[in-house]
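Results of the structural survey
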Amino acid sequence: MGKYASDTPDVLNRLCAAPLLFSKKLSNNSAFSALQRSLCITLPAILLGAFALLIKYPPFVQTGTGHNFHFGQDVEVVLDAVINATFGIASLIVIVSYAYIYTNSVNSQKRRPVAHPLLTILVALTSFFILIAQADSSQLLASLSISQGLPTALFVAVASTGLFLFLCRKNLFRFQTRALSNEAMLGDIYGVLPAALTTLIVFAGLKGVLLTIGSEHVTAELQAQLNGMVGNIDNSLWGGLKYVLLSQVLWLFGVHGRNMLNGVSDLQLIPAADENIAHVAAGLPPTNIITSQVFDLVHVGGSGATLGMIIAMLVFSKLTVVKRFALLALIPALFNVNEPIIYGIPIVLNPLYALPFLLAPLVNTGVLYGAMLLEWMPFTSYGVAWTTPPILNAYAVTGSFSGTGVQAVCLVLSVLIYAPFVRLTDTVSTLTIRESLTDLLRFSTGTETPSTPTKLLQRNGVVGRVARALAIDLEAVLDKRQGLHLEYQPQINACDGSVCGVEALLRWKHPIYGYIAPPVIIQLAEDMEIMPQLGEHILDLACRTRAEWTGFVAADFKMSVNVTPSQVLQHDFADVVKQTLARYALDPSTVELEITESTVLLPDDKVFEAIENLRAVGLRFALDDFGMGHTSLRYMQAFPIDTVKIDRSLTRSCHGEINGHILKSIFDLSASLGFATVVEGIETEEEKAWFSQSGCTSFQGYLFSRPLEADDFVAFYIENAQLHAPLTAALDAMKKTKAPARRTQSVA
């Protein structure tokens, strides 16, 4: 795997071991992963709602209904509709998303599906409405919103979905008869009906218990409990710190902290701000430090002082994708809209960013409180819209540049607090991606146990998400015919050391994940059923390069290209190959297609017909990786091939007595059948010497050269030709002198 990911210093590996392990455990936990992803799914709706809020409350000094002056009453109705249709139903989006994602995750881990995702969604939604049902329609609407209803929604999503799927796995809660109708969906519903009804009864019972103890409005009472935890702020630093801390903790779970604590805001913070404004208007000094406007200064760029986080990402992150995301989030953050950061990275349920997200606003609260107490800046005294950009809002709300200076200090402190965690997250992300790519490579090369699925796209956790992201990007680069390229590893003539051919090797440098191992690319293409298109693109690139090399390399120089069983099974496989050769006016004998042993075992006569069709026009075929699969020596005689490539696993064990005899048998049989032999993975002089004595015709391996870019290969070829020209000429002369002697002897 070291070939495909950059090395990370051992010190960083050790420092990040604990965060990486913790992060990996959380990411691989199906429930946690589903919860985090369900919150992320709300991002499009929340962004639209935030945009509507920004228009409704423009970043100017508050003027009551200032937006109506610009847009009119109809626009206000539209903006309210957008806000209600996004923020107002976000709790429902979370429930539906969690039930769907978690059910699919559980189903993928079982031999048979546990329940249909749609049925799980129905159970979760019904459980939610049972719990929040009430006569007061305003309270019901509040329970659906992200600002007040999300805590209940998260609880119901996790509890109802988990209970339902748990019961579905118990025979006691399943009907065994499924063949009730030709419609399979009806059978799925009937089979888990007892589990669904039991789950709903449990939540109905929970609702009854809550009513018995006098808890009718679940969301409202939860909100009241949270506001009670803050208590009376009393214009004190401790009161302000309690408010900020609880608000930030709620945000970490995806709950809008300031909205959930609007009891504190409405009864204490806003009245304190209004009192300051009234005092200044009357020519009196303001008296309150802790006001609603102070917390607009505390949260530079939104809750958690996330403008500092964005700047830290731009300055300290080494990952291009992080910098791009930070640039995307920067514009809304300038207007104190930080939902892209909260739900996009996400900060929600993210243990790596939890500490700075809590710490930065607490530090800022202390700095601002101290600055006002020491009279380094005025108290907040003027009404300003919450969307007014940072730094500007400090001047507007205090009427002094000293307020601007203190908020600038808070911004710098926020950047410094977030900076080490940005670097830590970079390193953990790099290590996680490296580990995921290693796992994908292991799955792709078949070194997993037989019971594990081959498809990469069906994997769970981080590995599955990386595989699905790569699959989408692979399809995109293949459609654009950009991003994939080939490198060429020389094949060396065993007799004279000259370069007699190359093998074209697929390469893909992903902009985020770096170099992707070829087996992973191939397996992803197989999973998405786009391998024929990928194979055609690879053949086209190889043939184009071979045509460009005309005049630089020998006329009989061979370009080897790998093809997969799914390509060979295509009905137009032979036609595609012929058209590609004709496109670049190539002699078919200059191209060799490498097929795997699994192709040999395909029970399809069309495969043999296609291969024979292509061999008839001069194309060559090689049996790749011979010795690592199921093909026996007898297939060498039955299958139409021209070259046998010895797998590197046999190369490394050539000195063993048993493997040595096997290899010599392969060389003897190949010689008798007229096959050329290429040994892969030659890395030492000892291996080269052993295979030279054993009858091998060509070598390929790092002893001679790593895979090279096309231009680098041309330089390598020219240098090799100059070095071995005398020996090549001598061997050619020997062949010419020996040939007549054999003819004379035969005539005699």
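A brief look at the structure comes next. Owing to the predicted nature of the structure, the values given are computational and were not obtained by experimental measurement.

Looking now at the packing of aromatic side chains. Aromatic ring pairs are described here by two measures, namely the spacing of the ring centres and the angle between the planes. Per the counting criterion, the structure on display carries 14 aromatic pairs. Residues Phe128 and Phe129 carry aromatic rings whose centres are separated by 5.7 Å and whose planes lie at 70° to one another, so their mutual orientation is edge-to-face. An angle of 5° between the planes, with centres 5.7 Å apart, marks the rings of Phe699 and Phe704 as stacked. The class for Phe699 is buried, based on a relative accessible area of 1%.

Proximity of charged atoms lets side chains of opposite charge pair with each other. Under the counting rule described, the total for this entry stands at 12 salt bridges. Taking the shortest distance from any N to any O, the salt bridge between Glu592 and Arg620 comes out at 3.4 Å. With Glu592 in strand β5 (residues 591-595) and Arg620 in strand β6 (residues 620-626), this pair connects stretches of sequence that are 28 residues apart. Overall, Glu592 belongs to the buried group, its relative accessible area being 1%. Classification of Arg620 by relative accessible area gives partly exposed; the value is 25%. The network of salt bridges with common partners includes Glu503, Glu594, Lys645 and Glu680.

Turning our attention to a negative patch on the surface. Residues Glu548, Glu709, Asp711 and Asp712 make up a contiguous surface patch of negative charge. Within the secondary structure layout, Glu709 lies in the loop between β9 (698-700) and α35 (710-747).

What follows is about helix α16 (residues 262-281). The principal kink in α16, of about 30°, is found at Leu269, preceding the proline Pro271 by one to four residues. Against α13 (218-230), α14 (237-252) and α17 (292-298) lie the buried residues of α16.

The next point concerns the nonpolar core. Leu39, Phe128, Leu150, Phe164, Tyr243 and Tyr343 are the most contacted members of the largest nonpolar core, which has 105 residues in total. If we skip the residues at most four places from it in the chain, Phe128 touches Leu92, Ile95, Ser143, Leu144, Thr152, Ala153 and Val156. Leu474, Ile538, Phe557 and Val714 belong to the second largest nonpolar core, which has 84 residues in total.

A word on the side chain of Asn350. The topology assignment puts Asn350 in the loop between α20 (339-344) and α21 (351-373). Setting aside chain neighbours within four positions, we find Asn350 in contact with Gln36 and Ile345.

This part covers the environment of Gly464. Position of Gly464 relative to the elements: it lies in helix α24 (residues 461-480). The buried category is assigned to Gly464, whose relative accessible area is 0%. Aside from chain neighbours lying at most four places away, what touches Gly464 is Leu456 and Arg459.

Conventions adopted
Residues numbered from 1 in each chain as written. Predicted model: local features only at pLDDT ≥ 70, side-chain atom pairs only at ≥ 80, totals over all residues. Heavy atoms only, no water. Phe/Tyr/Trp six-rings, centres within 6.5 Å; stacked < 30°, edge-to-face > 60°. Buried < 20%, exposed > 50% of the residue type's maximum accessible area, 1.4 Å probe, protein only. Salt bridge = Lys/Arg side-chain N within 4 Å of Asp/Glu carboxyl O. Helix = DSSP H or I, 4+ residues; strand = E, 2+ residues; numbered from the N terminus. Patch = residues over 30% accessible without salt bridge, like charges linked within 9 Å, V, L, I, M, F, W, Y side chains within 5 Å. Areas by Shrake-Rupley, 256 points an atom, 1.4 Å probe, with all protein chains shown as cover. Lys, Arg positive; Asp, Glu negative; His and termini not counted. Charge placed at Lys NZ, Arg CZ, Asp CG, Glu CD. Bend = angle between axes of the 7 residues up to and from the residue. Contact = heavy atoms within 4.5 Å. Core = buried A, V, L, I, M, F, W, Y, C linked by side-chain atoms within 4.5 Å.

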